[in-house]
Amino acid sequence: MKAVIFDLDGVITDTAHYHFLAWQKLAQSQDVHFDEAFNENLKGIDRMGSLELILAGASRSYSDAEKLALADSKNAHYKTLIAEMSPADLLPGAVAALDWCRAQGLKVGLASVSKNAFTVLESLGITDKFDYVVDAATIARGKPDPEIFLRAASELGVDPADCVGVEDAAAGVTAIKAAGMFAIGVGQPATLWQADTVIPGLEQFKNMMETLCKTG
Ligand code: B16
Ligand code: MG
(Lines give C-alpha, C1' and ligand atoms only; values in the text may rest on other atoms or scores of the structure.)
(Ligands and ions follow the chains in the order given, each with its own letter.)
Protein backbone atom coordinates (compact mmCIF):
# COMPACT_ATOMS: atom_id res chain seq x y z
CA MET A 1 0.00 0.00 0.00
CA LYS A 2 1.48 3.33 -1.07
CA ALA A 3 -1.34 5.89 -1.09
CA VAL A 4 -4.68 6.67 0.51
CA ILE A 5 -7.23 8.68 -1.47
CA PHE A 6 -9.98 10.28 0.59
CA ASP A 7 -13.43 11.50 -0.36
CA LEU A 8 -14.31 14.85 1.27
CA ASP A 9 -18.06 15.28 1.83
CA GLY A 10 -19.26 12.78 4.42
CA VAL A 11 -15.78 11.46 5.23
CA ILE A 12 -13.69 14.42 6.37
CA THR A 13 -16.51 16.87 7.03
CA ASP A 14 -20.30 16.73 7.09
CA THR A 15 -21.09 18.98 4.16
CA ALA A 16 -23.55 16.23 3.14
CA HIS A 17 -26.05 17.90 5.48
CA TYR A 18 -25.56 21.29 3.80
CA HIS A 19 -26.01 19.69 0.37
CA PHE A 20 -29.24 18.15 1.72
CA LEU A 21 -30.59 21.51 2.92
CA ALA A 22 -29.77 23.22 -0.37
CA TRP A 23 -31.29 20.45 -2.53
CA GLN A 24 -34.35 20.30 -0.27
CA LYS A 25 -35.03 24.00 -0.83
CA LEU A 26 -34.64 23.58 -4.59
CA ALA A 27 -36.93 20.52 -4.65
CA GLN A 28 -39.59 22.40 -2.68
CA SER A 29 -39.42 25.29 -5.16
CA GLN A 30 -40.22 22.79 -7.95
CA ASP A 31 -42.90 20.87 -5.98
CA VAL A 32 -40.80 17.72 -5.95
CA HIS A 33 -40.85 15.38 -2.96
CA PHE A 34 -37.42 15.23 -1.28
CA ASP A 35 -36.33 13.63 1.97
CA GLU A 36 -33.24 12.22 3.74
CA ALA A 37 -33.72 8.81 2.12
CA PHE A 38 -33.71 10.32 -1.37
CA ASN A 39 -30.70 12.47 -0.44
CA GLU A 40 -28.74 9.27 0.24
CA ASN A 41 -28.89 8.59 -3.54
CA LEU A 42 -27.23 11.94 -4.22
CA LYS A 43 -24.15 11.42 -2.05
CA GLY A 44 -21.05 11.42 -4.22
CA ILE A 45 -23.08 12.31 -7.32
CA ASP A 46 -21.99 15.53 -9.04
CA ARG A 47 -24.13 18.68 -9.15
CA MET A 48 -25.83 18.23 -12.54
CA GLY A 49 -26.27 14.49 -11.98
CA SER A 50 -27.97 15.20 -8.64
CA LEU A 51 -30.23 17.80 -10.24
CA GLU A 52 -31.29 15.34 -12.97
CA LEU A 53 -32.25 12.77 -10.31
CA ILE A 54 -34.35 15.35 -8.42
CA LEU A 55 -36.06 16.72 -11.54
CA ALA A 56 -36.97 13.18 -12.62
CA GLY A 57 -39.68 13.53 -9.96
CA ALA A 58 -41.09 16.77 -11.44
CA SER A 59 -44.30 16.98 -13.43
CA ARG A 60 -42.70 18.78 -16.38
CA SER A 61 -39.46 18.76 -18.35
CA TYR A 62 -36.77 21.45 -18.12
CA SER A 63 -34.59 23.11 -20.75
CA ASP A 64 -30.80 23.00 -20.38
CA ALA A 65 -30.83 26.72 -19.54
CA GLU A 66 -33.41 26.16 -16.78
CA LYS A 67 -31.35 23.29 -15.37
CA LEU A 68 -28.20 25.43 -15.30
CA ALA A 69 -30.09 28.23 -13.53
CA LEU A 70 -31.45 25.79 -10.93
CA ALA A 71 -27.99 24.27 -10.36
CA ASP A 72 -26.52 27.78 -9.96
CA SER A 73 -29.18 28.74 -7.44
CA LYS A 74 -28.63 25.54 -5.43
CA ASN A 75 -24.89 26.22 -5.42
CA ALA A 76 -25.37 29.84 -4.34
CA HIS A 77 -27.47 28.65 -1.38
CA TYR A 78 -24.94 25.90 -0.59
CA LYS A 79 -22.12 28.45 -0.56
CA THR A 80 -23.95 30.58 2.00
CA LEU A 81 -24.36 27.46 4.17
CA ILE A 82 -20.63 26.55 4.03
CA ALA A 83 -19.39 30.14 4.38
CA GLU A 84 -19.04 29.82 8.15
CA MET A 85 -17.15 26.50 8.08
CA SER A 86 -14.01 26.24 10.20
CA PRO A 87 -11.68 23.53 11.61
CA ALA A 88 -14.48 22.84 14.13
CA ASP A 89 -16.37 21.21 11.24
CA LEU A 90 -13.79 18.45 10.78
CA LEU A 91 -15.33 15.06 11.56
CA PRO A 92 -13.80 13.17 14.54
CA GLY A 93 -10.61 11.35 13.61
CA ALA A 94 -10.13 13.15 10.28
CA VAL A 95 -6.93 15.05 11.10
CA ALA A 96 -5.48 12.06 12.98
CA ALA A 97 -6.14 9.83 9.95
CA LEU A 98 -4.46 12.25 7.53
CA ASP A 99 -1.48 12.73 9.86
CA TRP A 100 -1.16 8.96 10.40
CA CYS A 101 -0.94 8.42 6.63
CA ARG A 102 1.77 11.08 6.35
CA ALA A 103 3.72 9.58 9.28
CA GLN A 104 3.64 6.16 7.56
CA GLY A 105 5.12 7.67 4.40
CA LEU A 106 1.90 7.10 2.43
CA LYS A 107 0.88 9.59 -0.25
CA VAL A 108 -2.40 11.34 0.53
CA GLY A 109 -4.91 12.34 -2.15
CA LEU A 110 -8.36 13.87 -2.28
CA ALA A 111 -11.01 12.72 -4.77
CA SER A 112 -14.12 14.86 -4.31
CA VAL A 113 -16.48 15.62 -7.18
CA SER A 114 -17.39 18.86 -5.41
CA LYS A 115 -16.37 22.01 -7.28
CA ASN A 116 -16.33 23.66 -3.84
CA ALA A 117 -13.73 21.23 -2.47
CA PHE A 118 -10.77 23.67 -2.52
CA THR A 119 -12.83 26.27 -0.61
CA VAL A 120 -13.94 23.70 1.96
CA LEU A 121 -10.37 22.43 2.48
CA GLU A 122 -9.16 25.99 3.08
CA SER A 123 -11.97 26.64 5.58
CA LEU A 124 -11.11 23.42 7.39
CA GLY A 125 -7.40 24.39 7.41
CA ILE A 126 -6.20 21.06 5.96
CA THR A 127 -5.15 21.92 2.37
CA ASP A 128 -1.47 21.24 3.13
CA LYS A 129 -2.21 17.73 4.39
CA PHE A 130 -2.77 16.47 0.83
CA ASP A 131 -0.11 15.64 -1.76
CA TYR A 132 -2.69 16.01 -4.53
CA VAL A 133 -6.28 17.28 -4.72
CA VAL A 134 -8.21 16.45 -7.90
CA ASP A 135 -9.85 19.53 -9.42
CA ALA A 136 -13.43 18.32 -9.99
CA ALA A 137 -13.82 20.86 -12.80
CA THR A 138 -11.34 18.82 -14.86
CA ILE A 139 -13.19 15.50 -14.46
CA ALA A 140 -15.37 14.38 -17.39
CA ARG A 141 -17.31 11.63 -15.59
CA GLY A 142 -18.39 11.75 -11.95
CA LYS A 143 -18.65 8.86 -9.51
CA PRO A 144 -19.47 5.94 -9.92
CA ASP A 145 -17.05 6.27 -12.85
CA PRO A 146 -13.49 5.54 -11.61
CA GLU A 147 -11.97 8.55 -13.45
CA ILE A 148 -11.48 10.75 -10.37
CA PHE A 149 -9.73 8.01 -8.34
CA LEU A 150 -7.57 7.00 -11.31
CA ARG A 151 -6.57 10.64 -11.81
CA ALA A 152 -5.58 10.93 -8.15
CA ALA A 153 -3.46 7.75 -8.34
CA SER A 154 -1.80 8.86 -11.55
CA GLU A 155 -0.93 12.32 -10.18
CA LEU A 156 0.38 10.75 -6.97
CA GLY A 157 2.55 8.45 -9.10
CA VAL A 158 1.09 5.30 -7.54
CA ASP A 159 -0.37 2.19 -9.19
CA PRO A 160 -4.14 1.98 -8.45
CA ALA A 161 -3.59 -1.53 -7.05
CA ASP A 162 -1.40 0.06 -4.33
CA CYS A 163 -4.09 2.59 -3.34
CA VAL A 164 -6.78 2.58 -0.67
CA GLY A 165 -9.90 4.68 -1.33
CA VAL A 166 -12.06 5.98 1.52
CA GLU A 167 -15.71 6.83 0.80
CA ASP A 168 -19.07 7.40 2.50
CA ALA A 169 -21.23 7.05 -0.63
CA ALA A 170 -22.26 3.93 -2.53
CA ALA A 171 -21.41 5.65 -5.84
CA GLY A 172 -17.95 6.46 -4.48
CA VAL A 173 -17.28 2.91 -3.35
CA THR A 174 -18.31 1.67 -6.80
CA ALA A 175 -15.83 4.15 -8.31
CA ILE A 176 -12.99 2.94 -6.04
CA LYS A 177 -13.63 -0.71 -6.88
CA ALA A 178 -13.87 0.10 -10.61
CA ALA A 179 -10.46 1.80 -10.28
CA GLY A 180 -9.01 -1.46 -8.94
CA MET A 181 -8.34 -0.11 -5.45
CA PHE A 182 -9.06 -1.38 -1.94
CA ALA A 183 -12.22 0.33 -0.65
CA ILE A 184 -12.82 1.43 2.93
CA GLY A 185 -16.44 2.48 3.40
CA VAL A 186 -17.29 5.02 6.11
CA GLY A 187 -20.85 4.55 7.36
CA GLN A 188 -23.34 1.72 7.23
CA PRO A 189 -22.36 -1.73 5.87
CA ALA A 190 -25.85 -2.15 4.36
CA THR A 191 -25.37 0.96 2.18
CA LEU A 192 -21.68 0.34 1.45
CA TRP A 193 -21.89 -3.38 0.72
CA GLN A 194 -19.44 -3.09 -2.18
CA ALA A 195 -16.64 -1.89 0.11
CA ASP A 196 -13.88 -4.30 1.14
CA THR A 197 -14.39 -3.18 4.72
CA VAL A 198 -16.59 -0.62 6.50
CA ILE A 199 -15.82 1.54 9.54
CA PRO A 200 -18.29 3.84 11.34
CA GLY A 201 -15.98 6.87 11.13
CA LEU A 202 -12.35 7.95 10.71
CA GLU A 203 -11.76 7.41 14.43
CA GLN A 204 -11.44 3.74 13.48
CA PHE A 205 -9.22 4.41 10.44
CA LYS A 206 -5.79 3.92 12.07
CA ASN A 207 -6.73 0.59 13.70
CA MET A 208 -8.28 -0.65 10.47
CA MET A 209 -5.19 0.29 8.44
CA GLU A 210 -2.82 -1.32 10.97
CA THR A 211 -4.89 -4.52 10.84
CA LEU A 212 -4.85 -4.45 7.04
CA CYS A 213 -1.07 -3.93 6.96
CA LYS A 214 -0.54 -6.85 9.36
CA THR A 215 -2.73 -9.21 7.36
CA GLY A 216 -1.13 -8.02 4.10
P1 B16 B 1 -20.72 20.65 -5.63
P2 B16 B 1 -17.81 14.20 -2.52
C3 B16 B 1 -19.94 15.41 -3.58
O4 B16 B 1 -18.74 15.46 -2.86
C5 B16 B 1 -21.15 15.32 -2.67
O6 B16 B 1 -21.16 14.08 -1.99
C7 B16 B 1 -22.40 15.44 -3.49
O8 B16 B 1 -23.53 15.38 -2.65
C9 B16 B 1 -22.37 16.76 -4.28
O10 B16 B 1 -23.51 16.86 -5.13
C11 B16 B 1 -21.10 16.79 -5.13
O12 B16 B 1 -19.98 16.65 -4.28
C13 B16 B 1 -20.97 18.04 -5.95
O14 B16 B 1 -20.74 19.14 -5.11
O15 B16 B 1 -22.13 21.02 -5.97
O16 B16 B 1 -20.15 21.40 -4.46
O17 B16 B 1 -19.83 20.69 -6.85
O18 B16 B 1 -18.65 13.27 -1.68
O19 B16 B 1 -17.34 13.61 -3.83
O20 B16 B 1 -16.70 14.85 -1.74
MG1 MG C 1 -18.86 11.75 0.05
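Thresholds applied
Residues numbered from 1 in each chain as written. Chains lettered and ligands numbered in written order. Predicted model: local features only at pLDDT ≥ 70, side-chain atom pairs only at ≥ 80, totals over all residues. UniProt positions renumbered as here; feature names shortened; annotations may be inferred. Pairing = 2+ DSSP bridges. Helix = DSSP H or I, 4+ residues; strand = E, 2+ residues; numbered from the N terminus. Contact = placed C-beta atoms within 7 Å. Axes fitted to C-alpha atoms, helices over the stretch in contact; angles between N-to-C directions. Buried ≥ 20, exposed ≤ 12 C-beta atoms within 10 Å, placed from the backbone. Right-handed = clockwise from strand over helix to strand, strands pointing away.

The name given to the protein in an unreviewed UniProt entry is Beta-phosphoglucomutase, with the source organism recorded as Massilia eburnea. Listed under Catalytic activity (unreviewed entry) in UniProt, the entry text for the protein is "beta-D-glucose 1-phosphate = beta-D-glucose 6-phosphate".

A. Highlighting the sheet that holds strand β2 (residues 107-110). If you trace the six strands from one edge of the open sheet to the other, you get β3-β2-β1-β4-β5-β6, paired in parallel fashion. If you trace the sheet from one side to the other, it starts and ends with β3 (132-133) and β6 (197-199), each paired once. The sheet contact formed by strand β1 (residues 3-6) and β2 spans four bridges and is parallel. Across the sheet, residue V4 finds its bridge partner in β2, namely V108. Contacts from helix α7 (residues 147-156) reach β1, β2, β3 and β4 (163-167) within the one sheet, and its direction differs from that of β1 by about 140°.

B. Highlighting the UniProt feature "binding site: Mg(2+)" (unreviewed entry) in the protein. Those places that UniProt annotates as "binding site: Mg(2+)" (unreviewed entry) correspond, in this numbering, to D7, D9, E167 and D168. Over a stretch of 162 residues, the named residues converge on one spot in the fold, their C-alpha atoms separated by at most 8.8 Å. Its place among the elements puts D9 in the loop between β1 and α1 (15-29). For D9, a count of 23 C-beta atoms within 10 Å corresponds to the buried category. Residues in contact with D9, not counting those within four places in the same chain, are T15, A16, H19, S112 and S114. Among the structural elements, E167 can be located in strand β4.

C. View of the environment of V166. Considering the arrangement of structural elements, one finds V166 in strand β4. Given 28 C-beta atoms within 10 Å, V166 falls into the buried group. A sequence separation of 160 residues divides V166 from F6, and the C-alpha atoms of the two residues are 4.9 Å apart. Those residues within four positions of V166 in sequence are excluded, and the remaining contacts are V4, F6, D7, V11, I184 and V186.

D. Inspection of the pairing of β4 at higher detail. Of all the five residues making up β4, five are buried; the element is thus mostly covered by neighbouring parts of the structure. The side-chain alternation of β4 yields two buried faces, one formed by C163, G165 and E167 and the other by V164 and V166. Pairing of β1 with β4, which is carried by four bridges, proceeds in the parallel orientation. When the bridges of β4 are listed, F6 appears paired with V166. Sheet topology places β4 next to strand β5 (residues 182-186); four bridges connect them, and they run parallel. If you follow V164 over to β5, its bridge partner there is F182. Taken together, β4, helix α8 (residues 170-178) and β5 constitute a β-α-β crossover, and its handedness is right-handed.

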